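# Structural overview
So the chains spell out like this:
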Amino acid sequence: MVTHAYLDWNATGRLRQEAQAAMTAALAVTGNPSSVHAAGRAARHLVEAAREQVAALVGTAPGDVVFTSGGTEANMLALSPVLGEVLLISAIEHPSVRCGGRFSAVEEIPATAAGVVDLAALERRLARCSRPLVSLMLANNETGVIQPVAEAAAIVHAAGGLIHVDAVQGPGRISCDFNALGADLMTLSAHKIGGPQGVGALIRRDGVQLDPLIKGGGQEHGARAGTENVAGIAGFGAAAEAVARCWADEAALVAGLRDRLEAGLAATAPETVIFGREAPRLPNTTLFGIPGMKAETAVIAFDLAGVAVSSGAACSSGKVAPSHVLAAMGAAPELARGAIRASLGYSTSEDEIEAFLKAWAALAEGLYKIRKQQEFAA
Ligand code: PLP
């Protein structure tokens, strides 16, 4: 099925032209960045230029950037017992944080019904901790709800702990300044900002000690061994530079389209629930449900209409279980099981929103028919 409307940007975004061009050019460079000869130096130059671009995107120094194979690895690199005695996370984190990294145990801080971490509960728990490491996402990948990271960082630091921020869904949509957020560690992923898949970074505040996951050569100042993914890193850098330049304008356009999508959802089916709507959200994300909708059938119905959306988090798609995020928000299980996520990006067009709304109208009509038949049979 040809997809006419791609609305799954929180799973992965469209490669930016700048990233594609930088990768194509990098692929033509033969040289290992660790080699001292001219060919090696040419490859090293690409890696270091990208480090500067990624650092600039989040307002930090290039030396704070450690390139990894993506957001998942950056999270694993951050979550080490070297950095804390106890790991506290919010109940709405991505599975790559929920697994606890290299901690043997992880404690969850609850979220409110609006999908925001409960800061009072965090503060209470911190009062009973020594040397905590807290991991909190900047914005939730399912609901788009933005978390109060700067406030949490102040609380964590007052308790003598460190805070890691999984900012994978942030750049390109909201401001994402490492220092303004008060982060000690921050995870980024290239493919969520128009860069390639399989590359990301952990930003580390100067002085925060890392416990390498991958040991061997001294690449990334000993923090991550292995010959660098030069082309991927070059693409990441180019995407970061484009995002730093255009994100505010792009986010404003996307917000307008997302609002139109949400207005259309409600116009067709007024009982539609938009999860997390009461809290500040990313401008590109809508997670919605209506009674009677089954996520797995809805995703297929949208797909048959040429519209790509996902049920809950893409990483867990294929599973019918309600998402842990909606469970933490206390959503009714029947609604939670049917939740569909539409997420937009820098090249989303009005036509794509129209295609989505057309498919939605057909799907809602089908649901109403089934409901009527059930009422008739009862
Ligand atoms: N953290 C969040 C919030 C995510 O949404 C994702 C991916 O969906 C990840 C981490 C993992 O990133 P990657 O796909 O680069 O491993």
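As the structure is a prediction and not an experimental result, all values here were calculated from the model. (Residues numbered from 1 in each chain as written. Predicted model: local features only at pLDDT ≥ 70, side-chain atom pairs only at ≥ 80, totals over all residues. Heavy atoms only, no water.)

## Section: helix H8 (residues 230–268)
With 39 residues, H8 ought to run about 57 Å at 1.5 Å a step, yet its terminal C-alpha atoms sit only 48 Å apart, falling short of that. Its maximal kink placed at cysteine 246, H8 deviates by approximately 65°. (Helix = DSSP H or I, 4+ residues; strand = E, 2+ residues; numbered from the N terminus. Expected span 1.5 Å × (residues − 1). Bend = angle between axes of the 7 residues up to and from the residue.)

## Observations concerning the packing of helix H9 (residues 295–304) against helix H12 (residues 350–377)
Close contact between H9 and H12 brings their axes to 10 Å; oriented N to C, the two are set at 130°. On the basis of the axis angle, H9 is oblique to H12. H12 is crossed by H9, and the crossing has right-handed handedness. On H12, the residues that touch Ala298, Ala301 and Phe302 of H9 are Phe356, Ala359, Trp360 and Leu363. (Axes fitted to C-alpha atoms, helices over the stretch in contact; angles between N-to-C directions. Parallel < 35°, antiparallel > 145°, perpendicular 65-115°, else oblique. Left-handed = near helix turned anticlockwise from the far one by under 90°. Contact = heavy atoms within 4.5 Å.)

## Concerning empty space enclosed by the protein
Counted according to the given criterion, the structure contains two cavities of 30 Å³ or more. Within this model, the largest cavity holds a volume of roughly 150 Å³. Contributing to the lining of the largest cavity are 18 residues, with Arg16, Gly172, Arg173, Gly345 and Tyr346 lying nearest its centre. When its volume is computed, the second largest cavity comes out at roughly 50 Å³. A per-class count over the lining of the second largest cavity returns seven nonpolar, two polar and no charged. (1 Å grid on protein atoms, 1.4 Å probe; cavity = no way out; pocket = protein on both sides within 12 Å on 5 of 7 lines; lining within 4 Å. Points joined across faces, edges and corners; volume = space filled by probe spheres on them. Nonpolar A, V, L, I, M, F, W, Y, C, P; charged D, E, K, R; others polar.)

## Quick word on the pairing of strand E2 (residues 65–68)
Both faces of the sheet carry side chains from a regular strand, because those side chains alternate between them. Side chains Val65 and Phe67 project from E2 onto one buried face, and the interleaved Val66 and Thr68 project onto a second face that is buried too. Bridging between E2 and strand E8 (residues 200–204) involves four bridges; their strand directions are antiparallel. Of the residues in E8, the one forming a bridge with valine 65 is isoleucine 203. (Buried < 20%, exposed > 50% of the residue type's maximum accessible area, 1.4 Å probe, protein only. Pairing = 2+ DSSP bridges.)

## Some thoughts on the sheet that holds strand E7 (residues 185–189)
Here seven strands make up an open sheet; going across it, the order is E2-E8-E7-E6-E5-E3-E4 and the pairing mixed. Two strands bound the open sheet, and with one partner strand each, they are E2 and strand E4 (107–109). Across this sheet, the average inter-strand angle for adjacent strands is 20°, counted without regard to direction. Pairing geometry for E7 and E8, over five bridges, is antiparallel. Counted as the bridge partner of leucine 188 is alanine 201 from E8.

## Concerning the state of the cysteines
Tallied over the full model, the rule gives zero disulfides. Free of any disulfide, cysteine 129 has its nearest neighbouring cysteine sulfur in cysteine 99, separated by 19 Å. Given the relative accessible area of 14%, cysteine 129 is considered buried. Its sulfur unpaired, cysteine 176 is 16 Å from the next cysteine sulfur, which belongs to cysteine 246. Judged by relative accessible area, which is 7%, cysteine 176 ranks as buried. (Disulfide = S-S within 2.5 Å.)

## Observations concerning the site of the ligand
The ligand sits among 15 residues. The nearest are Gly71, Thr72, Asp166, Ser189 and Lys192. At 2.7 Å from an oxygen atom of the ligand is found a main-chain nitrogen or oxygen belonging to glycine 71. Within the side chain of histidine 191, one N or O atom sits 2.9 Å away from an oxygen atom of the ligand. Protein contacts shield 90% of the accessible area of the ligand, which totals 390 Å² for the unbound molecule. Within the shell around the ligand, the residues separate by chemical class into three nonpolar, 10 polar and two charged. (Near = heavy atom within 4 Å. Polar contact = N/O pair within 3.5 Å; in protein donor to acceptor, adjacent residues only side chain to side chain. Areas by Shrake-Rupley, 256 points an atom, 1.4 Å probe, with all protein chains shown as cover.)

## Here we look at the nonpolar core
General note: in soluble globular proteins, nonpolar side chains tend to be found buried as a group. Ranked by internal contacts, the top residues of the largest apolar core, which has 49 residues, are Phe67, Met186, Ile203 and Phe236. Residues within four places of phenylalanine 236 in sequence aside, it is in contact with Val54, Phe67, Leu188, Ser189, Ala190, Ile193, Pro196, Val199, Gly200 and Ala201. Grouped together as the second largest cluster of nonpolar side chains are 26 residues, Val254, Phe288, Phe356 and Ala359 included. (Core = buried A, V, L, I, M, F, W, Y, C linked by side-chain atoms within 4.5 Å.)

## Quick look at helix H2 (residues 38–57)
A rise of 1.5 Å per residue sets the reference length of H2, with its 20 residues, at 28 Å; its end C-alpha atoms lie 29 Å apart and thus fit the reference within 8%. Three or more residues of H2 are buried, namely Gly40, Ala43, Val47, Ala50, Arg51, Val54, Ala55 and Leu57. Around the axis of H2, the buried residues are gathered within 155° of arc, so they sit on the same side. Counted as exposed and oriented over 90 degrees from the buried face of H2: Ala38, Arg41, His45, Glu52 and Ala56. Elements that come into contact with the buried residues of H2 comprise E2, E7, E8 and H8. The positive-phi residue at the C-terminal boundary of H2 is glycine 59, with phi of around 65°. (Arc of directions from axis to C-beta.)

## Some thoughts on the pattern of salt bridges
Tallied over the entire structure, the rule returns 21 salt bridges. Across the pair arginine 44 and glutamate 48 runs a salt bridge, and its minimum N-O distance is 2.7 Å. Taken together, the residues arginine 44 and glutamate 48, both in helix H2 and four residues apart, mark about one turn of the helix. By relative accessible area, which is 24% here, arginine 44 ends up partly exposed. (Salt bridge = Lys/Arg side-chain N within 4 Å of Asp/Glu carboxyl O.)

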